[in-house]
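Per-entry structural report
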Amino acid sequence: MKSDVTRRSVVAQLGTLTSLLSVSSSTSAFAGPAGREIERLISKIDELSGALRGTVISVEDWRAGMEELLSSVPETDLMDGIDFERLAARIGFADRGVSTAQIDFGFDEHRTMHFLPKLFAVDTGRSIIPHGHSNMVSAHLPLTGAFRLRQYDLVSRDERSLTIQPTVDRMIQSGDLSSIGEDDDNVHWFIAEEPSYTFDVIVTGLDDTAVQTYEIFNLDMEAAEPKGNGWLNVPRISVSDALRKYG
Ligand SMILES: [Fe+2]
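The rules behind these values
- Residues numbered from 1 in each chain as written.
- Predicted model: local features only at pLDDT ≥ 70, side-chain atom pairs only at ≥ 80, totals over all residues.
- Heavy atoms only, no water.
- Helix = DSSP H or I, 4+ residues; strand = E, 2+ residues; numbered from the N terminus.
- Buried < 20%, exposed > 50% of the residue type's maximum accessible area, 1.4 Å probe, protein only.
- Contact = heavy atoms within 4.5 Å.
- Donors = N, O, S within 2.8 Å, 3.2 Å for Na, K, Ca; no water.
- Pairing = 2+ DSSP bridges.
- Axes fitted to C-alpha atoms, helices over the stretch in contact; angles between N-to-C directions.
- Salt bridge = Lys/Arg side-chain N within 4 Å of Asp/Glu carboxyl O.
- pLDDT = per-residue confidence, 0-100.
- Polar contact = N/O pair within 3.5 Å; in protein donor to acceptor, adjacent residues only side chain to side chain.
- Patch = residues over 30% accessible without salt bridge, like charges linked within 9 Å, V, L, I, M, F, W, Y side chains within 5 Å.
- Areas by Shrake-Rupley, 256 points an atom, 1.4 Å probe, with all protein chains shown as cover.
- Lys, Arg positive; Asp, Glu negative; His and termini not counted.
- Charge placed at Lys NZ, Arg CZ, Asp CG, Glu CD.

Right, let's get into the overall build of the protein chain. Looking only at helices and strands, the protein chain has six helices and twelve strands in total. With 247 residues in all, the protein chain has 48% of them scored as buried. Within the protein chain, contacts between residues separated by at least 24 positions form 77% of all contacts whose residues are at least 6 apart in sequence.

Following this line, the structure appears as structure tokens:
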């Protein structure tokens, strides 16, 4: 992620920013001091995501804010808050790719959330297949386990391929947040080194004039053609083919 050391805390400014938005009060299932801390975290993520969708803040600010928020609580508290054990037991692991569950925080039914919270489960050697995105951003916090994470800037896109530039290739584990931007680090690819879980924050519909709420472009990385300047031209591939080759 590109960072700006002079940037003031996005989260600290959130109260001012979100006074422009309507933030509903709600009830939830969280209880106890740790539960209230997680409820505050989820509410802040929601405010930040609402500010992004309302174009009050930039994607760069959203990414910085997510980093700030999700580094502020222990992963174990977050796992308690999302009822991790029950969810993980329910979804198991997929033979290829990932199994996922939408997380229900128990807020009242009238509350509209500005982001989609999900749990991803990825077994050893399985992957979140390489893909790029349009009209959405997301952030991914490993809760347990370890991954090899690769990310790429999106340079350009056409009907058949994406041109991308490598930005990240590192091992990550519990607490190592990553996120995507609209172009910066837009493509990602996670391969699990051991049974692993991530908490995911997904915000779609950034451009409400777009035909699609969001789009995903799966990539055939083995067929990537180097362009000689560090860029790669990578063919798009169907979900089924991508799962067979990379899942
Ligand atoms: Fe993604």
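This next bit is on the coordination of the iron ion. Taken together, the protein donors to the iron ion comprise His 131 (NE2), His 133 (NE2) and His 188 (NE2), at separations of 2.0 to 2.1 Å. His 131 sits in the buried class, given a relative accessible area of 9%. Under the relative-accessibility criterion, His 133 is labelled buried at 3%.

For sheets, the rule is that strands pair by backbone hydrogen bonds, running either parallel or antiparallel. Within the open sheet, the seven strands sit side by side as E10-E3-E8-E5-E6-E12-E11. Their pairing is antiparallel. The two strands at the open ends of the sheet, each matched to only one other strand, are strand E10 (215-218) and strand E11 (225-226). Sitting on the sheet, helix H6 (residues 239-246) is in contact with strand E3 (127-134), strand E8 (187-192) and E10, with an inclination near 140 degrees to E3.

What follows concerns unusual backbone geometry. The phi torsion at Asp 83 lies on the positive side, around 55 degrees, for a residue other than glycine. As for its position among the elements, Asp 83 is in the loop between helix H4 (75-81) and helix H5 (84-91). Of note in this structure, Asp 185 is not a glycine but carries a positive phi near 55 degrees. Among the structural elements, Asp 185 can be located in the loop between strand E7 (178-179) and E8. For Asp 185, a relative accessible area of 5% corresponds to the buried category.

Next up on the list: the pattern of salt bridges. All told, the structure shown has eight salt bridges when counted by the stated rule. Between Arg 40 and Glu 37 there is a salt bridge, with its nearest N and O atoms 2.8 Å apart. Of this pair, Arg 40 and Glu 37 are both found in helix H2 (residues 32-53), three residues apart, which corresponds to roughly one turn of the helix. Taking the shortest distance from any N to any O, the salt bridge between Asp 220 and Lys 245 comes out at 2.9 Å. Of the two residues, Asp 220 is situated in the loop between E10 and E11 and Lys 245 in helix H6; the sequence distance between them amounts to 25 residues. Note on Asp 220: relative accessible area 12%, which makes it buried. In this structure Lys 245 comes out as partly exposed when scored by relative accessible area, which is 33%.

Here we take up the pairing of strand E1 (residues 99-102). The alternating pattern of E1 places Ser 99 and Ala 101 on a buried face, while none of Thr 100 and Gln 102, on the opposite face, is buried. With four bridges connecting them, E1 and strand E2 (residues 116-122) associate as antiparallel partners. Looking at the pairing, Ser 99 lines up with Ala 121 of E2.

With that out of the way, let us pick up the confidence of the model for the protein chain. Mean pLDDT for the protein chain: 90, with 89% of residues reaching 70 or above. For the stretch residues 1-6, pLDDT sits under 50, and the model shows seven contacts to residues farther than four places along the chain or on other chains. A low-confidence stretch, residues 19-25 (pLDDT under 50), is modelled with nine contacts involving residues beyond four sequence positions or located in other chains.

Of the strand pairs in this sheet, strand E5 (residues 146-157) and strand E6 (residues 161-173) are connected by eleven bridges, and their pairing is antiparallel. Paired with Ser 156 across the two strands is Thr 163, which belongs to E6. Counting the residues between successive antiparallel strands, the hairpin from E5 to E6 contains three residues. Relative to strand E12 (residues 232-235), E6 runs antiparallel, the two sharing four bridges. Pairing of Leu 162 across the sheet is with Val 234, part of E12.

Here we take up the side chain of Ser 179. As for its placement among the helices and strands, Ser 179 is situated in strand E7. Polar side-chain contacts of Ser 179 include one of 2.8 Å to the side chain of Arg 63.

On the surface, a cluster of negative charge is contributed by Glu 60, Glu 182, Asp 183, Asp 207 and Asp 208. Structurally, Asp 208 can be placed in the loop between strand E9 (196-204) and E10.

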